[in-house]
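Understanding the architecture of this molecule
This is what each chain is made of:
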Amino acid sequence: MKKTIALATLALLTGCSAAPIETVRLATHDSFAMSDALIAEFEQTTGYQLEIIRLGDTGTLTNQLALTKNAPIADAFYGIDNTFRSLAEKEGIAAGDFVEINYSDVCFNYDIAWFEQNNLTPPANWRELTKPEYKALTVVTNPRFSSPGLAFLATTFAGFETDMQTFEYWRNLRDNQVKVASSWEDAYFSDFTRYGGTRPIVLSYASSPAAEVVDGVAGSAALLDECFRQVEYASTLRGAANTAGAAALIEFLVSESFQASLPEAMYVYPSVEAVAVPEAWAKFALPARSTLGDAQKLSQNREKWLKDWSDVFDN
């Protein structure tokens, strides 16, 4: 009898104890930024604990998720964009729809002070980067691993009438001693002169100059003609252990709280149109005046274009 009462009491106490907190895991690229306050808001409103797994640049993220698709390392992903989406779809990474979270325009940026100090006029557009006066001044990113690099690759193929003209441009760029960095982080924070590097022209985004404003003075500017519009997505991973948590996380990524944080946290435009961007963006982070490149053509020609690029830069 006492044993029965003891077991009943134990069961009652167990039933009254707090339920264990479930973890939802987000696989993303190294540029992902989410404040502690937003993480706390997500965890408090959903009851899930968030674990963020950073896997390198967008290309590396996509490849890692493809390699681990039979034993997913996360429940959801954020950061696969329209340059790598076709690869993700081919590999069957996503279990649900690709939900648009944000967009940005891949453009070249230049260091304003460097050009003024060296009495040199900045290039007007990316086509001028092959001119002798810009020799050894530009850094781009490897299109095999970097989404900006792949975006620029698509831009150049769209920018000329024939493939031969594109090949000639890439050879001229190579001969003009362009540097190819493995990732956007390396190109921007190691090679760009704004951060102690030797290259005053960097492949980045139209919104990047907003991060270089000091006391109301711009430190960099973007070349806003013939850029590539990059869209980033989130989705539940196929085979995810916590699909409900993944759905709650994706819903949070399109919430007003998270969307409003995107311009200052990651220097991208929110996908939800009703969310306002900072006033400074109207002056320092204008979107591209014109865009080139087509994501559909990129998905159809990815392997061929990457081989063409390797034929120029790896030989």
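Look up: the structure comes first, before these words.
Here the structure is a predicted model, which means the values were calculated and not measured. (Residues numbered from 1 in each chain as written. Predicted model: local features only at pLDDT ≥ 70, side-chain atom pairs only at ≥ 80, totals over all residues. Heavy atoms only, no water.)

1. Things to note about the packing of helix 2 (residues 36–46) against helix 9 (residues 243–253)
In contact at an axis separation of 11 Å, helix 2 and helix 9 are set at 130° when each is read in the N-to-C sense. Between helix 2 and helix 9, the crossing angle belongs to the class labelled oblique. For the element pair helix 2 and helix 9, the recorded crossing hand is right-handed. Seen from helix 2, the contacting residues are Leu38, Glu41, Phe42 and Thr46; seen from helix 9, they are Ala248, Leu249 and Phe252. Considered class by class, the residues forming the contact of helix 2 with helix 9 number five nonpolar, one polar and one charged. (Axes fitted to C-alpha atoms, helices over the stretch in contact; angles between N-to-C directions. Helix = DSSP H or I, 4+ residues; strand = E, 2+ residues; numbered from the N terminus. Parallel < 35°, antiparallel > 145°, perpendicular 65-115°, else oblique. Left-handed = near helix turned anticlockwise from the far one by under 90°. Contact = heavy atoms within 4.5 Å. Nonpolar A, V, L, I, M, F, W, Y, C, P; charged D, E, K, R; others polar.)

2. A word on the state of the cysteines
Note on terminology: disulfide describes a covalent bond linking the sulfur atoms of two cysteines. What the rule picks out here adds up to one disulfide. Covalently, cysteine 107 is tied to cysteine 227 through a disulfide, its sulfur atoms 2.2 Å apart. What sets the handedness of the cysteine 107 and cysteine 227 disulfide is the S-S torsion sign, and at about 120° it is right-handed. Here the residue cysteine 107 occupies a position in strand 4 (residues 99–111), and cysteine 227 occupies one in the loop between strand 8 (220–222) and strand 9 (228–236), the gap between them amounting to 120 residues. (Disulfide = S-S within 2.5 Å.)

3. Quick look at the nonpolar core
Residues Leu65, Phe108, Phe152 and Trp170 are the most contacted members of the largest nonpolar core, which totals 57 residues. By size, the runner-up hydrophobic cluster in this structure holds 23 residues, among which are Phe32, Ala246, Phe258 and Val268. (Core = buried A, V, L, I, M, F, W, Y, C linked by side-chain atoms within 4.5 Å. Buried < 20%, exposed > 50% of the residue type's maximum accessible area, 1.4 Å probe, protein only.)

4. Section: helix 10 (residues 256–266)
Residues that lie three or four places apart on an α-helix share one face, since the helix turns once every 3.6 residues. Taken residue by residue, helix 10 has Phe258, Gln259, Ser261, Leu262, Pro263 and Met266 as its buried positions. Along its buried surface, helix 10 packs onto helix 2, strand 3 (76–81), strand 4, helix 9, strand 10 (269–270) and helix 11 (281–284). With its phi angle positive at about 55°, tyrosine 267 sits one or two positions after the end of helix 10.

5. Observations regarding unusual backbone geometry
Look at glutamine 177: it is not a glycine, yet its phi comes out positive at around 65°. Mapped onto the secondary structure, glutamine 177 falls in the loop between helix 7 (163–175) and strand 6 (179–181). In the Ramachandran plot, aspartate 215 falls in the positive-phi region, its phi being about 55° despite a non-glycine side chain. Examined against the element boundaries, aspartate 215 turns out to sit in the loop between strand 7 (201–205) and strand 8. Under the relative-accessibility criterion, aspartate 215 is labelled exposed at 76%.

6. What about the side chain of serine 261?
Turning to its location among the elements, serine 261 is positioned in helix 10. At 2.6 Å, the side chain of serine 261 forms a polar contact with the backbone oxygen of phenylalanine 258. Apart from residues lying up to four places away in sequence, serine 261 is in contact with Leu38 and Met266. (Polar contact = N/O pair within 3.5 Å; in protein donor to acceptor, adjacent residues only side chain to side chain.)

7. Structural notes on the pairing of strand 3
Judged by how many residues are buried, strand 3 sits mostly within the fold: six of six residues are covered. Sheet topology places strand 1 (residues 22–28) next to strand 3; two bridges connect them, and they run parallel. Each residue of the ladder has a partner; that of alanine 27, found in strand 3, is phenylalanine 77. Pairing analysis gives five bridges linking strand 3 to strand 9, with the strands arranged antiparallel. Residue alanine 76 lies in a different strand from strand 9, and its bridge partner there is threonine 236. (Pairing = 2+ DSSP bridges.)

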